[in-house]
Amino acid sequence: MSTSEPIHIIGGGLAGSEAAWQAAEAGAQVILHEMRPVRGTDAHQTDSLAELVCSNSFRSDDHEHNAVGLLHEEMRRCNSVIMACADKHQIPAGGALGVDRHGFSAAVTEAIENHPNITMAREEVAGMPPEDWRNVIIATGPLTSPAMADAILAKTGEDALAFFDAIAPIVHFDSINMDIVWAQSRYDKAGPGGTGADYLNCPMNKEQYYAFVEALKTAPLHEFKDWEKVPYFDGCLPIEVMAERGEETLRHGPMKPVGLTNPRDPQVKSYAIVQLRQDNALGTLWNMVGFQTKMRYGVQAEILRMIPGLENAQFARLGGLHRNTFLNSPKVLGPDLKLKADPRIRFAGQVTGVEGYVESAAVGLITGRLAAAEARGETMATPPNTTALGALVAHITGGHIESESYSGARSFQPMNVNFGLFPPVTVTKPEGVTRWRGPEKTQAKRRAITSRALEDLKAWA
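(A) Broad picture of the packing of aromatic side chains. Following the criterion strictly, the structure yields eight aromatic pairs and no others. Measuring from centroid to centroid gives 5.8 Å for Tyr210 and Tyr271, while their planes differ by 50°, and the two rings are tilted. Of this pair, Tyr210 sits in helix H6 (residues 206-218) while Tyr271 sits in the loop between helix H7 (239-244) and strand E12 (272-278), and the two are 61 residues apart along the sequence. Three or more aromatic residues joined by ring pairs make a cluster, and in this case those are Phe58, Phe104 and Tyr357. Here the guanidinium or amino end of Arg251 rests over the ring plane of Tyr271, the centre of that ring lying 3.8 Å away.

(B) Here's a closer look at helix H5 (residues 146-156). Within H5, burial applies to Met148, Ala149, Ala151, Ile152 and Thr156. Across the axial projection of H5, the buried residues extend over an arc of 160°, all falling on one side. Relative to its buried face, H5 has exposed residues pointing more than 90 degrees away, namely Pro146, Asp150 and Ala154. Positive phi shows up at Gly157, right after H5, with a value of about 115°.

(C) Here's a closer look at the pattern of salt bridges. Evaluation of the coordinates by the stated rule reveals 16 salt bridges. Among the salt bridges present, the one from Asp342 reaches Lys155, with a minimum N-O distance of 3.8 Å. Of this pair, Asp342 sits in strand E17 (residues 342-347) while Lys155 sits in helix H5, and the two are 187 residues apart along the sequence. Glu378 is the partner of Arg376 in a salt bridge, and the nearest nitrogen-oxygen pair spans 3.2 Å.

(D) The arrangement of unusual backbone geometry in detail. In this structure, Tyr187 is a non-glycine residue whose phi angle is positive, near 60°. Tracing the backbone through its elements, the reader meets Tyr187 in the loop between strand E10 (182-183) and strand E11 (199-204). Non-glycine residue Asp188 carries a positive phi angle of around 60°. On the secondary structure map, Asp188 appears in the loop between E10 and E11.

(E) The arrangement of the packing of helix H1 (residues 14-25) against helix H10 (residues 357-375) in detail. Two numbers describe how H1 lies on H10: the axes approach to 7 Å, and their chain directions differ by 30°. Taken as a pair, H1 and H10 cross one another with a handedness that is right-handed. Between H1 and H10, the contacting residues are Leu14, Ala15, Glu18, Ala19, Gln22 and Ala23 on the first element and Tyr357, Ser360, Ala361, Gly364, Leu365, Thr367, Gly368, Arg369 and Ala372 on the second. Split into classes, the residues belonging to the contact of H1 with H10 amount to eight nonpolar, five polar and two charged.

(F) Layout of the sheet that holds strand E3 (residues 57-60). If you walk across this open sheet you meet the three strands as E3-E5-E4, and the pairing is antiparallel. One side of each edge strand has no neighbouring strand; the edge strands of this open sheet are E3 and strand E4 (90-91). Here E3 runs beside strand E5 (residues 96-99); their pairing, made up of two bridges, is antiparallel. Counterpart to Ser57 in the pairing with E5 is Gly98.

(G) A look at helix H12 (residues 440-460). If you check H12, its first and last C-alpha atoms are 31 Å apart, about what 21 residues at 1.5 Å a residue would give, namely 30 Å. Within the sequence span of H12, burial applies to Ala444, Ile449, Thr450, Arg452, Ala453, Leu454, Leu457 and Trp460.

(H) Just the environment of Gly98, in detail. Note on placement: Gly98 falls in strand E5. With a relative accessible area of 3%, Gly98 lands in the buried category. Here the alpha-carbon distance between Gly98 and Arg59, two residues 39 residues apart in the chain, equals 7.3 Å. With residues near it in sequence (within four places) discarded, Gly98 still touches Asn56, Ser57, His89, Gln90, Ile91 and Ala93.

How each quantity is defined
In every chain, residue numbers begin from 1 and rise along the written sequence. The predicted nature of this model means local features are confined to residues of pLDDT at least 70 and side-chain atom pairs, given and counted, to a pLDDT of 80 or more, with totals for whole chains, interfaces and linings taken over all residues. With hydrogens and water excluded, all non-hydrogen atoms of the structure serve as input to the side-chain values. The criterion for an aromatic pair is that two Phe, Tyr or Trp rings (for Trp, the six-membered ring) have centres within 6.5 Å, with stacked assigned to planes under 30 degrees apart, edge-to-face to planes over 60 apart and tilted to the rest. Numbering goes from the N terminus for both helices and strands, where a helix is a DSSP run of H or I of at least four residues and a strand is a run of E of at least two. We count a charge as sitting over a ring when the NZ of a lysine or the CZ of an arginine lies within 6 Å of the ring centre and within 35 degrees of the ring normal. Burial classes: relative accessible area under 20% of the type maximum marks a residue as buried, over 50% as exposed, and values in between as partly exposed (1.4 Å probe, protein chains only). In this description, the arc belongs to the directions extending from the helix axis to the C-beta atoms. For salt bridges, the criterion is a side-chain nitrogen of Lys or Arg within 4 Å of an Asp or Glu carboxyl oxygen. Here an angle of 0 to 180 degrees is reported between the N-to-C directions of two axes, which are lines fitted to C-alpha atoms, with helices fitted over the stretch in contact. Left-handed describes a crossing whose near helix is turned anticlockwise from the far helix through less than a right angle; right-handed describes the clockwise counterpart. Any pair of residues with heavy atoms lying within 4.5 Å of one another is described as a contacting pair. Three categories are distinguished: nonpolar for Ala, Val, Leu, Ile, Met, Phe, Trp, Tyr, Cys and Pro, charged for Asp, Glu, Lys and Arg, and polar for the others, with Gly belonging to the last. Any two strands between which DSSP finds at least two bridges are classified as paired. What a helix should span is 1.5 Å times the count of its residues minus one.

Have a look at this one:
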């Protein structure tokens, strides 16, 4: 690949802007294609790059104890334009990194437009990139234009792209009370690659079940704009919708107790059972089977903790239904984020199946560097999976488990960065300490993960 051939980046959001910056800083010539203002979207208000269409928060900035804070720090150490502009336009937000949205977007736009290696092209790329574009990054985000979405579908197959999330909550394994919960598959069926004990089961008696149903029926729900409306499908109805259809509906649906026996009390049959299924190869994350929901996040966590065994549950992500365009990345992308059906193309940002401003920009950072290395005729590895950057790539390209026995909502779903995506660490008690108190062990694990990540990032960065 000659350095005279430009890298074409489609989409000027956070991911596309970061990808352009990283590639340009590495010496590559970049053409950044942004369709606004030629063609607008339902959500954007301006034609600025990296416009924040929802919150103005980049979430926690604590890099020792929070996974997104660690991602902030890793990106800063990788010369991120998104993080530099966020830091420059920071506003008071407690422990979070809040930004002045207009100042931030203007700063990113200025940095990109003034970079000598970047050319801006205000135009829509209506379809797959021309064949003579040999090094391409598509970063079109959750509001990918219909023409581009149709082209991606034609290239990759009808099940390669989703337009709506139907997301069940995902729980950190180490927060599940295994004194109450037991492992068993329904009727002990092993299934493909299974053992017959592939689900975690949370039992409910009659009183607990009816209290849970009543809480669902009165829970406040997220409200969406017209363009965000999500159609319901019978295979992925929100649990509160099922509860409204009748008090017994859930226990004949995702909470049915048949084929399961509590080994701690085998003579008493549970009135209802909530099942969790392993969500990642590491076994650190478990999703609540059939628990798609539109409940607001604060009350959602409170209600889900009514379930026996989940009273102290910590959630890697809460459930939801959203309008969103994203790839079935484990199927269609290689470990280098290249499209298997057309290896001259990489994908970046939220369209790959990450959630959040920073996560989207992070994938842009990685693809920008990979594309620049390719332009030099070199091969560059993705970041180690012990880093926040690498953990995201590992999740969207290979860390997810597909279940052949599960029907209903799409299996692969977008994810924020969280400590459940990292390989586990072992921590030992400090000298003189006989037992961990409160959250001390969790905090020690997080410090160990973040310390390892920043050390392992050095060679790649």
